[in-house]
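# Tertiary structure, described
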Amino acid sequence: MALIDSILLASKFRGCLVGGLLGDCLGAPYEGDYRIPKTVLQKYFDTLEGPYFKSPVKQYTDDSAMTKCIAESLIAQERFDSLDIAKRFVKEYFGDPRRGYGEQVVEIFHKLRVQKFGDPFGPAKEQFGGAGSYANGGAMRVAPLALFCHSDYNELINLVEQSAKLTHTHQEGYDGTILQAIAVYQSLHLDPKEKLDTQNFSSQLIEKMSEIEEEDDNPYPYQTQLEKMQILLDKKEDADDEEVQRIMGNTVAALYSVPTAIFCFLRACAPIPEIETENPFRRTIQYAISLGGDTDTIANMAGAIAGAYYGYSVISENLQKHCEATEQFIEYADKLHKITASK
Ligand code: RVK
Ligand code: MG
Ligand code: MG
């Protein structure tokens with residue numbers, strides 16, 4: 001692992017949170033579309049990144065609303081406090097419910113409120129007839145916790161699992177959250193000036209997920225997806241969008257969106273046909289959105305990983321100006337950096 005100095009780390013913290021926010025805001029208008037023509041997205045990004053013009057900001061969705069709750073809790077408590085996070089989820093949802101939340105997760109917020117937070121982990125266990133949610137809602141909000149635990153891998157795994165289980169008790173739901181956090185963790189520890197070894201990045205993810213998944217009943221789903229990802233990465237230009245969609249997936253299921261987001265980050269290190277930009281951060285989210293489906297969330301997760309790798313300086317100022325709450329997310333990143341520096 002590279003030695004990352006404090007200035008670069010601060011930039012990576014900002015890059016991670018702002019990167020995720022931009023993926024959410026810019027991906028949200030396309031959520032649910034089958035696949036978005038590359039030409040349409042090229043124009044969309046060129047316009048937003050070009051000379052600044054006044055227009056209503058692109059609003060963030062539940063992904064960033066819940067990320068905000070975790071960031072604010074960690075900043076206020078200076079530690080992981082599951083009850084405090086649960087309370088913030090509920091307050092945030094009832095104060096601003098129209099952010100496109102998952103259909104079922106809101107049941108948890110209602111139950112938590114009625115039960116006065118007696119057991120913050122209880123209602124999640126009852127979802128889907130006791131099976132728990134396998135969707136990507138745990139992963140989409142995990143970035144601040146990955147930043148908070150950047151110097152302690154074992155703490156990261158432990159706390160991330162707990163954070164997921166407030167809403168996602170299905171193995172694929174919480175292991176997907178862990179995988180997203182590990183991808184951010186790995187990105188934070190790499191020097192962006194050195195060429196990224198994408199096969200090594202994915203091999204390390206597979207190795208770490210084998211330790212996580214060996215304790216589970218169904219021990220292979222993420223390792224299997226990541227192995228498929230490696231084969232696609234090797235194919236580069238030869239892997240067309242249809243194949244990527246079919247193999248990696250683009251749905252709300254964590255298994256078919258978290259590895260997809262990681263794939264987008266790794267694929268976008270190199271040029272991609274029909275995506276005209278020299279900027280690898282922009283290429284990452286533009287590519288993630290082009291794959292369609294759960295665009296806000298896949299671009300959010302890919303943006304957080306890419307931002308944690310490249311740092312804040314790579315993110316276009318004009319793109320930021322067109323997105324809601326950018327300043328607020330910069331502030332969260334700076335405060336989290338300060339807290340972790342003094343830990
Ligand atoms: C709308 C059957 C299951 C399941 C299970 C399906 C926002 C359901 C964000 C459910 C993200 C959906 C996304 C969402 C995040 C999950 N059996 N179906 N065991 N587990 N599902 O409600 O926060 O966009 O169809 O837990 O994880 O932008 O409605 O929410 O894209 O996944 O939602 O799962 O969703 P939830 P979430
Ligand atoms: Mg959303
Ligand atoms: Mg989504």
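Residues numbered from 1 in each chain as written. Chains lettered and ligands numbered in written order. Predicted model: local features only at pLDDT ≥ 70, side-chain atom pairs only at ≥ 80, totals over all residues. Heavy atoms only, no water.

The name given to the protein chain in an unreviewed UniProt entry is ADP-ribosylhydrolase ARH3, with the source organism recorded as Coptotermes formosanus. Under the Sequence similarities (unreviewed entry) heading, UniProt states for the protein chain: "Belongs to the ADP-ribosylglycohydrolase family." According to the UniProt record, the Catalytic activity (unreviewed entry) comment for the protein chain is "alpha-NAD(+) + H2O = ADP-D-ribose + nicotinamide + H(+)". (UniProt positions renumbered as here; feature names shortened; annotations may be inferred.)

## Focus on the UniProt feature "binding site: Mg(2+)" (unreviewed entry) in the protein chain
Per the UniProt entry, the sites bearing "binding site: Mg(2+)" (unreviewed entry) are Thr61, Asp62, Asp63, Asp294, Asp296 and Thr297 in this numbering. On the basis of their most widely separated C-alpha atoms, the annotated residues across 237 residues gather in one place, lying no more than 12.5 Å apart. In this structure Thr61 comes out as buried when scored by relative accessible area, which is 9%. Sequence-distant contacts of Thr61, defined by excluding residues within four places in its chain, comprise Asp24, Ala28, Arg99 and Asp296. (Buried < 20%, exposed > 50% of the residue type's maximum accessible area, 1.4 Å probe, protein only. Contact = heavy atoms within 4.5 Å.)

## Considerations on the site of ligand 1
Residues in close proximity to ligand 1 total 21 residues, the closest being Asp63, Gln104, Ser133, His168 and Asp294. Within the side chain of Asp62, a nitrogen or oxygen atom sits 3.2 Å from an oxygen atom of ligand 1. In isolation ligand 1 exposes 730 Å². Once the protein is present, 81% of that is buried. Going through the elements one at a time, helix 3 (62-77) and helix 15 (295-310) are the ones with two or more residues in the shell around ligand 1. When grouped by side-chain class, the residues that make up the shell around ligand 1 number six nonpolar, nine polar and six charged. (Near = heavy atom within 4 Å. Polar contact = N/O pair within 3.5 Å; in protein donor to acceptor, adjacent residues only side chain to side chain. Areas by Shrake-Rupley, 256 points an atom, 1.4 Å probe, with all protein chains shown as cover. Helix = DSSP H or I, 4+ residues; strand = E, 2+ residues; numbered from the N terminus. Nonpolar A, V, L, I, M, F, W, Y, C, P; charged D, E, K, R; others polar.)

## Section: a negative patch on the surface
Side chains of Glu207, Glu211, Glu214 and Glu215 sit close together on the surface and give a patch of like negative charge. Summarising the element assignment, Glu211 is placed in helix 10 (residues 198-213). (Patch = residues over 30% accessible without salt bridge, like charges linked within 9 Å, V, L, I, M, F, W, Y side chains within 5 Å. Salt bridge = Lys/Arg side-chain N within 4 Å of Asp/Glu carboxyl O. Lys, Arg positive; Asp, Glu negative; His and termini not counted. Charge placed at Lys NZ, Arg CZ, Asp CG, Glu CD.)

## As for the coordination of the magnesium ion (ligand 3)
Only Glu31 (OE), Asp294 (OD), Asp296 (OD) and Thr297 (OG1) from the protein coordinate the magnesium ion (ligand 3), and they sit 2.0 to 2.7 Å from it. Given six donor atoms and angles of 78 to 170° at the metal, the environment of the magnesium ion (ligand 3) is assigned as octahedral. Expressed as a motif, the donor residue spacing for the magnesium ion (ligand 3) is E-x262-D-x1-D-T. A relative accessible area of 2% places Thr297 in the buried class. (Donors = N, O, S within 2.8 Å, 3.2 Å for Na, K, Ca; no water. Tetrahedral: all angles 85-135°; square planar, octahedral: opposite > 155°, others 65-115°.)

## Concerning the nonpolar core
Ranked by size, the top nonpolar core spans 116 residues in total, and within it Leu22, Leu26, Phe109, Leu145, Leu156, Ile262 and Phe265 carry the most contacts. Apart from residues no more than four positions distant in its own chain, Leu22 is found in contact with Gly27, Phe281, Ile285, Ile315, Leu319, Gln320 and Cys323. (Core = buried A, V, L, I, M, F, W, Y, C linked by side-chain atoms within 4.5 Å.)

## With respect to the packing of aromatic side chains
Counted by the stated rule, this structure contains 13 aromatic pairs. Between the aromatic rings of Phe265 and Tyr309, the centroid separation amounts to 5.7 Å while the plane-to-plane angle is 65°, which identifies the pairing as edge-to-face. With Phe265 in helix 13 (residues 258-267) and Tyr309 in helix 15, the pair connects residues that are 44 residues apart, well separated along the chain. Taken as a pair, Phe265 and Tyr309 share a single burial class, namely buried. Ring pairing ties together the aromatic residues Tyr93, Phe94, Tyr101 and Phe109, which thus form one cluster. One cation-aromatic arrangement involves Arg14 over Tyr312; the distance from NZ or CZ to the ring centre is 5.2 Å. (Phe/Tyr/Trp six-rings, centres within 6.5 Å; stacked < 30°, edge-to-face > 60°. Lys NZ or Arg CZ within 6 Å of the ring centre and 35° of its normal.)

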